[in-house]
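Close look at the chain arrangement
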Amino acid sequence: MVTSTSQAAYPPVFSATISAPQQVYEGEAFTVFMNATYGFPSYTGVMYIYGYNLSGLGTSSTKYFPDSGYSMSDNLTAPMYQQTLGLVGIVWVYEGSTVLKYKTDYSIQVVQPLFLNVTISDSSQAPLHNITVNFTLNGVLVGSKEVQNLSPYSSQSASLAIPSTILRNGENTLLVTVGNPSVSVNGGSSYQTSFYYGTPPNYSWIFYVAAAVIAFMALLVFSAGKRRARPKKPKWKK
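Residues numbered from 1 in each chain as written. Predicted model: local features only at pLDDT ≥ 70, side-chain atom pairs only at ≥ 80, totals over all residues. Heavy atoms only, no water.

1. With respect to the overall build of the protein chain
Counting its secondary structure elements, the protein chain contains 1 helix and 15 strands. The buried share of the protein chain, taken over its 238 residues, is 32%. Counted over contacts in the protein chain with a minimum sequence separation of 6, partners at least 24 positions apart contribute 65%. Surface summary for the protein chain: the accessible area is close to 15100 Å², and the carbon and sulfur share equals 55%. (Helix = DSSP H or I, 4+ residues; strand = E, 2+ residues; numbered from the N terminus. Buried < 20%, exposed > 50% of the residue type's maximum accessible area, 1.4 Å probe, protein only. Contact = heavy atoms within 4.5 Å. Areas by Shrake-Rupley, 256 points an atom, 1.4 Å probe, with all protein chains shown as cover.)

2. With respect to the pattern of salt bridges
Pairs can form between side chains of opposite charge whenever their charged atoms are close. Taken as a whole, this structure holds 1 salt bridge when the rule is applied. Across the pair D74 and K63 runs a salt bridge, and its minimum N-O distance is 2.8 Å. With D74 in strand β6 (residues 71-77) and K63 in strand β5 (residues 62-68), the pair connects residues that are 11 residues apart, well separated along the chain. (Salt bridge = Lys/Arg side-chain N within 4 Å of Asp/Glu carboxyl O.)

3. Examining the sheet that holds strand β9 (residues 113-122)
Ordered in space as β12-β9-β14, the 3 strands form an open sheet in which the pairing is antiparallel. The open sheet has two edge strands with one neighbour each: β12 (155-163) and β14 (183-185). Recorded for the sheet is a direction-independent mean angle of 30 degrees between the axes of neighbouring strands. Direction of pairing for β9 relative to β12: antiparallel, over a ladder of 9 bridges. Across the sheet, the residue bridging to N117 is S159, located in β12. (Pairing = 2+ DSSP bridges. Axes fitted to C-alpha atoms, helices over the stretch in contact; angles between N-to-C directions.)

4. Quick notes on the sheet that holds strand β10 (residues 128-137)
Either a parallel or an antiparallel arrangement is found when strands of a sheet pair, and the pairing is made through backbone hydrogen bonds. The antiparallel open sheet is built from 4 strands, whose spatial order is β11-β10-β13-β15. Two strands bound the open sheet, and with one partner strand each, they are β11 (140-150) and β15 (190-197). Direction aside, neighbouring strands of the sheet carry axes that sit 20 degrees apart on average. Relative to strand β13 (residues 170-178), β10 runs antiparallel, the two sharing 5 bridges. Its bridge partner being in β13, F135 is matched across the sheet by V176.

5. A closer look at the packing of aromatic side chains
In this description, an aromatic ring pair is defined by two values, namely the gap between the centres and the angle between the planes. Counting across every chain of the model gives 3 aromatic pairs. Their ring planes at 80 degrees and their centres at 5.1 Å tell us that Y38 and Y70 sit as a pair that is edge-to-face. Of the two residues, Y38 sits in the loop between β3 (29-36) and β4 (43-50) while Y70 sits in the loop between β5 and β6, which places them 32 residues apart along the sequence. Between F40 and Y43 the ring centres are 6.1 Å apart and the planes differ by 85 degrees, which places this aromatic pair in the edge-to-face class. Clustering of aromatic rings is evident, with ring pairs tying together F14, F40 and Y43. It is K101 that lies over the ring of W92; its NZ or CZ is 5.6 Å from the centre. (Phe/Tyr/Trp six-rings, centres within 6.5 Å; stacked < 30°, edge-to-face > 60°. Lys NZ or Arg CZ within 6 Å of the ring centre and 35° of its normal.)

6. Examining unusual backbone geometry
Peptide bonds are, in most cases, trans, and in most cases residues other than glycine have a negative phi. Of note, the phi angle at Y153 is positive, near 55 degrees, even though the residue is not glycine. Within the fold, Y153 resides in the loop between β11 and β12. The exposure class assigned to Y153 is exposed, which follows from its relative accessible area of 58%. Look at N186: it is not a glycine, yet its phi comes out positive at around 50 degrees. With respect to the element layout, N186 can be found in the loop between β14 and β15. The class for N186 is partly exposed, based on a relative accessible area of 35%.

Right under this line is the structure:
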């Protein structure tokens, strides 16, 4: 490595990191950021995306960032297959005649999407615009959907896709609300429902136990009836 001849005061340590969601669903649009140490005049970066099937990625698997700032970003679309996406980023800068280079990596889990669907309706005589539909799952706002236009006395579906892994095993509660009092959600001012996710618990043993108890009780009653039906021997008869 050549000794720097520059008189500029650069940061003593150079590094880079990749920031992105840890999980995305198939076909989801998201943004990846690659940030390097601040304080150098110019940066060059490259990012490689790899996985077992990148169909649906919608872009090149190699991203170049020539003559860039310290913060680089690109918009991606998740492939249409469940898998683990690998990201490898390399950033380098020139400190005078010396090249500083840093390599970093990151992984993203691509999971199956879950679609939350409701129907919103306009009960007013005027058209409505830019209606925000909020989806809250188990008390946490998981996303919003904006409906651009809704005609008077008309209905339209609103659907939000989320990663299926956001659900918890067991019962989940979904609450959907809108901020406009003229808009109803599935026929009401808001919509709430509970649903079960995962393998339902097996309660069949309760029915088997109940059936066994009933059969046993019936046997006792039958046996008692048979004993009472037998005539008693008279005391005078020996």
